[in-house]
Amino acid sequence: AVLRGQALPPVEVVALFHGEPDAGVRAVLVAGAADFPAGEAEPFLHAALRDGDAGVRAAAVRALSQHPAGVGWDALVAFAATDAAPEVR
């Protein structure tokens, strides 16, 4: 349900993300950002692209590519393109 953006408001998903120690769970939480309003998705994806786990960062890139406003977030795309992990780039 979180993946579809329906279970919790974005602010609660973001709070869960920042408190979650497991990278796999963080990746699932960030995937839901594809359905967030743009004003909440962009800063969340920016934070997720700085996560210490490449799988979480890759999930952020996927969410970015699926978000309707993502095409306009050039800074996030450029940042992701410089990631050390090939699965993120």
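Just above, that's the structure.
Notes on the structure follow.

Calculation rules
Residues numbered from 1 in each chain as written. Predicted model: local features only at pLDDT ≥ 70, side-chain atom pairs only at ≥ 80, totals over all residues. Heavy atoms only, no water. Phe/Tyr/Trp six-rings, centres within 6.5 Å; stacked < 30°, edge-to-face > 60°. Helix = DSSP H or I, 4+ residues; strand = E, 2+ residues; numbered from the N terminus. Buried < 20%, exposed > 50% of the residue type's maximum accessible area, 1.4 Å probe, protein only. Lys NZ or Arg CZ within 6 Å of the ring centre and 35° of its normal. Salt bridge = Lys/Arg side-chain N within 4 Å of Asp/Glu carboxyl O. Polar contact = N/O pair within 3.5 Å; in protein donor to acceptor, adjacent residues only side chain to side chain. Axes fitted to C-alpha atoms, helices over the stretch in contact; angles between N-to-C directions. Parallel < 35°, antiparallel > 145°, perpendicular 65-115°, else oblique. Left-handed = near helix turned anticlockwise from the far one by under 90°. Contact = heavy atoms within 4.5 Å.

1. Side note on the packing of aromatic side chains
Here comes step 1: Within the structure shown, the criterion is met by 2 aromatic pairs.
Here comes step 2: Centroid distance Phe-17 to Phe-44: 5.1 Å. Interplanar angle 85 degrees. Geometry classified as edge-to-face. Taken together, the positions of Phe-17 in helix α1 (residues 10–19) and Phe-44 in helix α3 (residues 38–48) put the pair 27 residues apart, joining distant regions of the chain. You'll find Phe-17 and Phe-44 in the same group, each marked buried.
Here comes step 3: Measuring from centroid to centroid gives 5.7 Å for Phe-36 and Phe-44, while their planes differ by 15 degrees, and the two rings are stacked. The exposure classification of Phe-36 matches that of Phe-44, with both residues buried.
Here comes step 4: Members of the aromatic cluster, joined through ring pairs, are Phe-17, Phe-36 and Phe-44.
Here comes step 5: Taking NZ or CZ as reference, Arg-50 lies 4.5 Å from the ring centre of Phe-79, over its face.

2. A closer look at the pattern of salt bridges
Side chains that carry opposite charge are capable of pairing whenever their charged atoms lie near each other.
Here comes step 1: Counted under the stated rule, the structure contains 2 salt bridges.
Here comes step 2: The residue Arg-26 makes a salt bridge to Asp-51 at a minimum N-O spacing of 2.9 Å. Within this pair, whereas Arg-26 is found in helix α2 (residues 23–31), its partner Asp-51 is found in the loop between α3 and α4 (54–66), the two being separated by 25 residues in sequence.
Here comes step 3: Here Asp-83 makes a salt bridge to Arg-57, at a shortest N to O gap of 2.6 Å. Separated by 26 residues along the polypeptide, Asp-83 in the segment after α5 (74–81) and Arg-57 in helix α4 bring together distant segments of the chain. Like Arg-57, Asp-83 is buried.

3. As for the side chain of His-67
Here comes step 1: One can find His-67 in the loop between α4 and α5.
Here comes step 2: Exposure remark for His-67: the relative accessible area of 7% places this residue in the buried category.
Here comes step 3: A polar atom in the side chain of His-67 sits 2.6 Å from the backbone oxygen of Phe-36.

4. Focus on the packing of α1 against α2
The relative placement of two packed helices comes down to the angle between their axes together with the axis-to-axis distance.
Here comes step 1: It is at 9 Å that the axes of α1 and α2 come closest, and there the two elements cross at 160 degrees. What the angle tells us is that α1 and α2 run roughly antiparallel. Of the two possible hands of crossing, α1 and α2 adopt the one that is left-handed. In contact with Val-13, Leu-16 and Phe-17 of α1, α2 contributes Arg-26, Leu-29 and Val-30.

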